[in-house]
Amino acid sequence: MIAGLLIQFFELIAFLTGLLYYQKNKSTPTFYLVWFLGITFFSEVFSWYAYFVNNGFLHFLKGTSFETNYWWGNIYSIISYLFYINYFKWYLSSKSSIVILNRVSVVFLIVSILEIIFSGEFFLKFMPISSILGTLLVFLSIAFYYLELLKSDLILQVQKSLPFYVSVGALIFHLCTTPLFLYSSYYSNSIDPSFVSLYRQVIFGINYLLYSIYIAGFLICLRKKDPYFPKKSF
Amino acid sequence: MLTEKGPLLPQEKLLIVYFIAVLLFFTIFSIVFVVAFQRRKNKFLKERYEAEQRYQRELSDSQIEIQEQTLKNIAWELHDNVGQLLSVANIQLNVLMNAIPTSFHDQVSETKSIVQETVQEIRTLSKVLNNDVVLKNGLLKSLQMELDRFNRLDYLKATLKISGDIVPLNNASEIIVFRILQEFLSNVIKHAKASKLFVHLDYQEKALEIVAEDDGVGFDVSQKTNSSGMETMHSRAELLNAKFSIVSEIGKGTRLFIKYPYKST
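Worth saying up front: this structure is predicted, and the values here are computed from it rather than measured.

Participant: What is the right way to read the overall build of chain B from this model?
Facilitator: Helix and strand counts for chain B come out as five helices and five strands. For chain B, the α and β elements follow one another from N to C terminus as α-α-α-β-α-β-β-α-β-β. Burial statistics for chain B: of 265 residues in total, 35% are counted as buried. At a minimum sequence separation of 6, the contacts of chain B that also span at least 24 residues come to 70%. Summed over its atoms, the accessible surface of chain B is roughly 17,400 Å², and 57% of this surface lies on carbon and sulfur atoms.

Participant: Quick question: what am I supposed to make of the pairing of strand 4 (residues 243–249) of chain B here?
Facilitator: All names here are of chain B. With burial as the criterion, only one face of strand 4 is covered, namely that bearing Phe 244, Ile 246 and Ser 248; the residues Lys 243, Ser 245, Val 247 and Glu 249 on the opposite face remain uncovered. As judged from the seven bridges shared by strand 4 and strand 5 (residues 253–261), these two strands associate in the antiparallel manner. Note that in strand 5 the partner of Val 247 across the bridge is Arg 255. Adjacent in sequence and paired antiparallel, strand 4 and strand 5 are bridged by three residues, among which Gly 251 carries a positive phi angle near 90 degrees.

Participant: Teacher, can you tell me more about the interface of chain B and chain A here?
Facilitator: Quoted interface sizes are often the accessible area lost when the parts come together. At the interface, 17 residues of chain B touch 22 residues of chain A. For the pair chain B and chain A, the summed buried area comes to about 1,800 Å², and 79% of that belongs to carbon and sulfur atoms. Linking chain B with chain A are zero salt bridges, by the criterion used here. For the pair chain B and chain A, the interface holds five residue pairs in polar contact (both at pLDDT 80 or more). Grouping the amino acids of the side of chain B that touches chain A by side-chain chemistry returns 14 nonpolar, one polar and two charged.

Participant: Even after reading the chapter, I still don't get empty space enclosed by the protein, so can you show me in this structure?
Facilitator: Rolled over the atoms, a probe as big as a water molecule pinpoints where empty space is left. Residue and element names in this part refer to chain B. The final tally for this structure, using the stated rule, is one cavity of 30 Å³ or more. By volume, the largest cavity amounts to about 40 Å³. Ser 60, Gln 63, Ile 64, Gln 67, Thr 232, Ser 235 and Arg 236 are the residues that line the largest cavity. Mapped by element, the contributors of at least two residues to the lining of the largest cavity are helix 1 (10–99) and helix 5 (228–239). Considering every element that reaches the lining of the largest cavity, the biggest residue donor is helix 1, with four residues. When the residues that make up the lining of the largest cavity are grouped by side-chain class, the tally is one nonpolar, five polar and one charged. Each of two domains, domain 1 (1–129) and domain 2 (138–265), supplies a minimum of three residues to the lining of the largest cavity.

Participant: Hey, could you run me through the layout of surface pockets in this one?
Facilitator: All names here are of chain A. Size it by volume and the largest pocket reaches roughly 1,300 Å³. Lining the largest pocket are 39 residues, and of these Glu 44, Ser 47, Asn 69, Phe 126 and Tyr 187 sit closest to its centre. Elements with a contribution of two residues or more to the lining of the largest pocket: helix 1 (2–24), helix 2 (28–47), helix 3 (49–55), helix 4 (70–87), helix 7 (162–182) and helix 8 (193–223). It is helix 4 that contributes the most residues to the lining of the largest pocket, eight residues altogether.

Rules used throughout
- Residues numbered from 1 in each chain as written.
- Chains lettered and ligands numbered in written order.
- Predicted model: local features only at pLDDT ≥ 70, side-chain atom pairs only at ≥ 80, totals over all residues.
- Heavy atoms only, no water.
- Helix = DSSP H or I, 4+ residues; strand = E, 2+ residues; numbered from the N terminus.
- Buried < 20%, exposed > 50% of the residue type's maximum accessible area, 1.4 Å probe, protein only.
- Contact = heavy atoms within 4.5 Å.
- Areas by Shrake-Rupley, 256 points an atom, 1.4 Å probe, with all protein chains shown as cover.
- Pairing = 2+ DSSP bridges.
- Buried area = accessible area lost by both parts, 1.4 Å probe.
- Salt bridge = Lys/Arg side-chain N within 4 Å of Asp/Glu carboxyl O.
- Polar contact = N/O pair within 3.5 Å; in protein donor to acceptor, adjacent residues only side chain to side chain.
- Nonpolar A, V, L, I, M, F, W, Y, C, P; charged D, E, K, R; others polar.
- 1 Å grid on protein atoms, 1.4 Å probe; cavity = no way out; pocket = protein on both sides within 12 Å on 5 of 7 lines; lining within 4 Å.
- Points joined across faces, edges and corners; volume = space filled by probe spheres on them.
- Domains from an automatic or database assignment.

Have a look at this one:
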């Protein structure tokens, strides 16, 4: 419980630091990043409603599809994957990479929606296919970004550039949490309590790591001047 | 017996797919990354090498410019100062002629003619040193003048042979070619103790081939590689993109070979 609340706290700090960073560097990708952090915080707070279904005033939801908050998590997932795939587009200069990422986003959106419609488990667990596809596409986007970094001279100043920190965080987060999400249907104390504790430990640990990296990134880039302005405005 | 309890759950299959996909992705990405890294490194090294080449070329260029300027100054000094002084000496001798008894006239006449010859030689020498004059006359005429000067002064017997259709080179190249030859010729005069000097300019279809030979004492090529005269001749030839070599054997004379490809403009 406390661990869960602590994560919300971390997210809030990350959002606020991001806001602070945005004051200094008002570029469009930073705007979307801070917006996304805000949405994340808000959506996680909203997800807490499931706690009140069992122990509180929302008990009338018990037995309905909305008893658990997986449906909300699935919607948030899709937005999250789409954000990460498109965030790194701002920092690419090769036209073919950008075109590929655009097409791939559309494909991902279609596949996710199809999965939601046809799997029937939208309210019961995290959608597995869109999780795997989303993770792989995020990797692709980050790979394009890293190759671009290699080819330019900006790799010398990479410690000061914010997208690098975001990429490291996103990479670790998606790599480690996707396998757990695939088994999200086992997340129930009546089926396998040891899995529940493993799940919670890993997810919380990775979340702490992710938001720490974000906060560190914002703070470090706040102190030094951003050498890296996005190449164009979409 | 070791058997599984049932078919794989869909989650387990998805997990396997996930791990395979991730491993595949990272393997391919690592390979692409390493290849791109190597290419980038090579490009960087090549750029650095080319920058160094350019720098060396510019250094040679400025060195040559300084040398030419110095030669010009010397030429002016010779022509103006020394020439003037000798003219004054000539006048003084004329005055002397009128003041001495006739039995000394022959001696004084001889002295006068020697002084006049000196003035001539200095004029020719200063012409040869001065860039603008070399440019105006062109490579062939300047070369001919220099060899004639050697013949006149009885240093050695020099002949110039020209074959093929004469192709005029651009001004800068003509001067550089002339200076290379001049350096070689002055080395011949100073060290070779030669009696004959033969220079052949062969205007071929794509290049100008120059061969200069003397029948002097020669030198040991492996020993003299540090002399600055050789270095300048070498770097000048490099500036022209010309092939350049000096062959010599003790007792058998020295041979200079230059092949200068015509510029394509």
